[in-house]
Every structure is written in C-alpha cells, then in structure tokens.
Amino acid sequence: DPFAGDPPRHPALRVNSQKPFNAEPPPELLTQSFLTPNELFFTRNHLPVPSVEPGSYRLLVEVPGGRSLSLSLAELRRRFPKHEVTATLQCAGNRRSEMSRVRPVKGLSWDIGAISTARWGGARLRDVLLAAGLGDKSGEWHVCFEGLDKDASGTRYGASIPLERAMSPQAEVILAYEMNGQELPRDHGFPLRVVVPGVVGARSVKWLRSVAVSPAESPSHWQQNDYKGFCPSVDWDSVDFRAAPAIQELPVQSAITEPRPGAAVPAGELTVKGYAWSGGGREVIRVDVSLDGGRTWREAELCPRPERGRAWAWALWELRAPVAAGARLELVCKAVDRSYNGQPEGVGGIWNLRGVLSNAWHRVPVTVTR
Ligand code: MTE
Ligand code: MO
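Residues numbered from 1 in each chain as written. Chains lettered and ligands numbered in written order. Predicted model: local features only at pLDDT ≥ 70, side-chain atom pairs only at ≥ 80, totals over all residues. Heavy atoms only, no water.

Enquirer: An account of the site of ligand 1 is needed here, citing residue identities and associated values.
Expert: In the vicinity of ligand 1 there are 19 residues, among which Phe42, His46, Asp149, His188 and Lys206 approach most closely. One nitrogen or oxygen atom from the side chain of His188 is found 2.6 Å from an oxygen atom belonging to ligand 1. Side-chain polar atom of Arg193 to an oxygen atom of ligand 1: 2.7 Å apart, as the coordinates give it. When isolated, ligand 1 has an accessible area of 530 Å², and the protein chains bury 100% of it. Most atoms of ligand 1, that is more than half of them, are within 2 Å of grid points of the largest cavity. Elements with a contribution of two residues or more to the shell around ligand 1: β3 (43–44) and β8 (142–150). (Near = heavy atom within 4 Å. Polar contact = N/O pair within 3.5 Å; in protein donor to acceptor, adjacent residues only side chain to side chain. Areas by Shrake-Rupley, 256 points an atom, 1.4 Å probe, with all protein chains shown as cover. 1 Å grid on protein atoms, 1.4 Å probe; cavity = no way out; pocket = protein on both sides within 12 Å on 5 of 7 lines; lining within 4 Å. Sits in = over half its atoms within 2 Å of the grid points. Helix = DSSP H or I, 4+ residues; strand = E, 2+ residues; numbered from the N terminus.)

And the structure:
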C-alpha cells in the first residue's frame, strides 16, 4: 500500500477520498477563527505523502544562464530572510458538489470547505532565484515546481507560475517552511512548499523537490490537462485542453458556513456567518446577503482583519437579522471585490466538465421553528 506511510489526521475532517487523502473541515469550524488551525486546514493530495528526512533534504534550483543550487533546509533559513504572509489557499474544485447537482462532473465532491487560511513563513522565491544568478529575462518565462510525491510510474506532481509573479516583490511568493508558526505538517508539504498568494491552490506545490526557470509552463498533467475552465457545452469528447489557459488567479468567491442547508433555526435573531475571498489580492469590499432567495438584500458586516492592504486572505463576515416563526427562508450570499467583480447568480452558465471555478451565489434553505 503506497499510502501506508501517510500521517494521522484530525477526526473532525470530512473525508472525500482516503487514498489519496482529501478532506475538508466542517463549515462551522472553518469560520471559527481567521487562521485555520493546521490540523483542520483542508488537504488536497493527488498522491501518497512522501516521507522526507529533513537532515538530508535538498531543494534543487535551476536557472538558465545561472548556476544550479542545491539547498539544505538550514541554508534556506540562514541565507534568506524569513518573509511571512497571511494567505488563503483555495482548491479550484471548491464547491464542486453544487456543480454536479446541475449535471455530473469529474472530480472530488468538495462542499464549501476546500479553502483555508494560514500565516506562512519562508524564503522569498525571488531571493532564491536571484541567488541562483537569474538575470534579466525578456519574453515568456515560467517557474516550474516539482514535488517529491510520485505515482507508481514515477510521475511527480508539478505546476508552474509565470516568472513575472515569482519575481514581483509585491506578489509575495514564498518557499514556506512554517505554517501558523509551526513547521509545515506532513499533509501540507513538509519540509518545504510553495505558497503563491491569490492563485489557485494547485500551483502551491508541496514537498518541493525542484524549482526551474523555463521558457515553457510545467509539462505536468496538472498544468496542461487539468485545472482549466471551459464553456458549459464542452464535453469529454470535444474538450481540447490546449485551447484554454491554466487557471492562475481565482475569481471572487463567498459561502455561508452557518446555518447549514436544511437547518431548523429558532425564531428571533438569526446569525448568518460565512467567508469571502478573491484571487490576485483583490480585497473583498462587500458581502451582500439575502434571506428571500435574492429578492431583497442587506450588507453583511465584515469582521475586522488583522492586516489591510493586499488582501491575500479571506474576509469572514456575519449578518444578524430578525426571523419570524414558521418562515421558510432561502439565505443567499454574494461578494464583491476591489475591482467590482461579482459572483454569477446561478451554476448553469459556469458549469464545466471538470467542475472547477464553482462560485455562483451560495444558497442555503432553512426553516424557522415555532
Ligand atoms: N503539491 C504536491 N506536491 N502534490 C499535490 O497533490 N496538490 C495541490 C497543491 N500542491 C498538491 C500540491 C492542490 S490541487 C491544492 S488545492 C493544494 O496543494 C492544497 O494544499 P493543502 O493540501 O495544503 O490544502
Ligand atoms: Mo486543488
């Protein structure tokens, strides 16, 4: 069993697949704290968790025209200043289960919990590439990442980001060895992972084996033939993965974490809670909530955030409203980001065969007890 060496996991996680391990925290735990506790952070593994001996671990760095580096963990910590960034990671498949209700899609049936937030600490990718002798580059370049995790045929997980993002000091891309002040847990990439703030989780490669600057995107399956969006009419016979760009920055997203669909809530004051987030550091400026299926709206209160500025992290929000005994409500939420991007009203127009980018208005029917 290639998964026999996987680590133990928290029993509260909702497991979507055991081998490889894929699990999300229950919604009500997700918004209990701004930073997700490490043991509750959603886990998205495509392959078995590699066992890494930290003493003999080396990161390979390859830069055309530069020198190849092989860095130990001690060197990474010693040679590069530690940079910390609070960032939300979201899987492209978050909320896929809502898409499959419209028409079946291929992929893990995530509810609304394939998203979590942590404070990450590590070396800036930019500093490491400069140390490897990266000079000025014109034209199209990418930074390709490879994980230590591999399948039975020896194929490793891989992904890439444009070099421009990697080198931008504002983009804060790091090679993280810390998560919420602790060393990275095994499920989240021990001993070293990439964290690309504002970008789909798939590019934040865990158990990082190598970093290479290349004129082409990562050749990996997950860069080339997965994590792309298509027109709702495209099916598995007509899909041409070369025709669509790889997902990088994600669109604006929000969801209601409390109450849960189908809940019976007491009459009086109802508290609705949730999260909102957008890709590319676009701050969420507003969350609108409806209690009547989208006919009328009110504005939720955004919980104060620890940091302002570039919004790599989600906004948690809350709305209190009086509700009358016996009512049937359809709670709805939708967020607006700094660029005034909004979420689509329904799933129909954004449905795609892989069930990615599922960010329609989130609807939660509840009844009010007498
Ligand atoms: N890196 C490696 N090496 N292997 C993987 O399977 N999964 C990716 C990414 N990095 C993956 C990986 C995907 S699709 C996501 S959404 C995030 O890791 C999830 O990170 P997490 O498990 O820490 O939440
Ligand atoms: Mo993902």
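Enquirer: So what's going on with the pairing of strand β16 (residues 268–277)? Which residues, and what values?
Expert: Two strands pair when backbone bridges link them, and strand β14 (residues 253–258) and β16 are joined in this way by five bridges, in the antiparallel orientation. For Ile256, the partnering residue across the bridge sits in β16 and is Gly274. Note that β16 and strand β20 (residues 315–323) share nine bridges and pair antiparallel. Residue pairing in the sheet places Gly268 in a bridge with Val323 of β20. (Pairing = 2+ DSSP bridges.)

Enquirer: Which residues make up the packing of aromatic side chains, and what values go with them?
Expert: Enumeration according to the criterion identifies eight aromatic pairs in this entry. Each ring, one from Tyr275 and one from Trp314, has its centre 5.7 Å from the other, and the planes form 25 degrees; the classification is stacked. Here Tyr275, found in strand β16, pairs with Trp314, found in the loop between β19 (301–302) and β20; they are 39 residues apart in sequence, far enough to count as distant. Judged by centre distance (5.1 Å) and plane angle (85 degrees), the rings of Trp297 and Trp361 are edge-to-face. (Phe/Tyr/Trp six-rings, centres within 6.5 Å; stacked < 30°, edge-to-face > 60°.)

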